Amino acid sequence: MVVEITSTIHVSNRCSLKRKCAYCGFAAGSSPAGYYKSFVKTEDEILKAALSMEFAGIKRVSISAGYGNFSAVLKAVQIVKEKTGLEVLVNVGGDINEEELELLKSAGVETVCCNLETVNRELFERLKPDDSFEKRLKVCELVKEFGLKLSSGLLLGIGESEKDRKEHIKLLKSLEVDEVPVMGFRPYPGTPMESVPPAPLTLQLRVIERVREVVDSCKRITVPYPTVGKEGVIPAVRSGANNVATVVPENYPLTVKGVGSPQVGILEELLNLFDSFGIETNVERERLPL
Ligand code: SF4
């Protein structure tokens, strides 16, 4: 198996949801260990970030932002698609409508990610009081209707039951998802969930195996590095994950903090790790200078 690497550009950490999600350390003001200060990346910053990853041999980037940033995200997509050959995933949660999906499709986006996080409605409403499960589900359906690839994942260890996880995996199967991020919760200091223990790696591995068995449409099982950590990457791949996300090259020009925890994967370190286990990646190591 060849493991894919997906890099990341966080366009903005502004989020228009008034009450932030209880686990969020990404949005401005949510956690002193996260970005904390509000930002919107400039066009030049986005271009430099995209070129640095392409130069390092990475082939795919996730472009994401909090709610209320569609124009900035679209602009970032246009820059990346014009200036690089990177494949693009966009993640703006449930904050997207049909017209915006059309614009992303026209701009050349391959995948749209809308994580449901949990199918337990009571839990969803408690942890994401200003978000809407139904809206997110609708976005997932629309992404497929538009002929785009759908990425939709589970956030594990936030209080969901085994039954919730099983139902969630069944729902992902019925949505015919193309990619499933399997994310283990990690507490961000300063957030309402700072004292909740992190999800055990064993749970994450079990769910990866289950998704692999059940969701036959799924071509990518993704582990975002910040939610699995260095110790979890190899076991995750051995359990069936074939895409590691939130990985940046050593010389990445922007400050970057993971969405699930402040740490991100450093490409060169990960490649050494994979080499030591004889695991191949899709990173093009012999790229010519641009
Ligand atoms: S998790 Fe996403 S939607 Fe929720 S508050 Fe954070 S940035 Fe906003």
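Residues numbered from 1 in each chain as written. Predicted model: local features only at pLDDT ≥ 70, side-chain atom pairs only at ≥ 80, totals over all residues.

Draft legend 1. The arrangement of the overall build of the protein chain in detail. Scanning the protein chain from terminus to terminus reveals nine helices and 12 strands. For 290 residues, the compact-globule estimate of 2.2 N^0.38 gives 19 Å, and the C-alpha radius of gyration of the protein chain, at 17 Å, lies within 12% of that figure. Overall, the C-alpha framework of the protein chain stretches about 50 × 40 × 40 Å when taken along its three principal axes. The buried share among the 290 residues of the protein chain stands at 49%. Taking contacts inside the protein chain between residues at least 6 apart in sequence as the whole, the part at least 24 apart equals 73%. (Helix = DSSP H or I, 4+ residues; strand = E, 2+ residues; numbered from the N terminus. Rg over C-alpha atoms; globule rule 2.2 N^0.38 Å. Buried ≥ 20, exposed ≤ 12 C-beta atoms within 10 Å, placed from the backbone. Contact = placed C-beta atoms within 7 Å.)

Draft legend 2. Local environment of the nonpolar core. Core analysis: the largest hydrophobic core is formed by 80 residues, its most contacted members being Ile63, Val73, Val77, Val90 and Val182. Broken down by element, this core gets its largest block of residues, six residues, from helix H2 (residues 70-83). Those residues in contact with Ile63 that lie beyond four places of it in its chain are Ile9, Val11, Val73, Ala76, Val77, Val80, Val88 and Val90. (Core = buried A, V, L, I, M, F, W, Y, C linked by C-beta atoms within 7 Å.)

Draft legend 3. Summary view of unusual backbone geometry. For Tyr36, which is not a glycine, the phi torsion comes out positive at approximately 65 degrees. With respect to the helices and strands, the residue Tyr36 is situated in the loop between strand E1 (2-12) and helix H1 (43-55). According to the C-beta neighbour criterion, Tyr36 is partly exposed, with 17 such atoms within 10 Å. One non-glycine residue with positive phi stands out, namely Glu117, at about 65 degrees.

Draft legend 4. Representation of the pairing of strand E8 (residues 220-224) in the model. The element E8 is extensively covered by neighbouring structure, given that five of its five residues are classed as buried. Covered by surrounding structure in E8 are Arg220, Thr222 and Pro224 together with Ile221 and Val223, the residues of both alternating faces. Where strand E7 (residues 179-184) and E8 come together, three bridges link them in parallel fashion. Its bridge partner being in E8, Pro181 is matched across the sheet by Thr222. (Pairing = 2+ DSSP bridges.)

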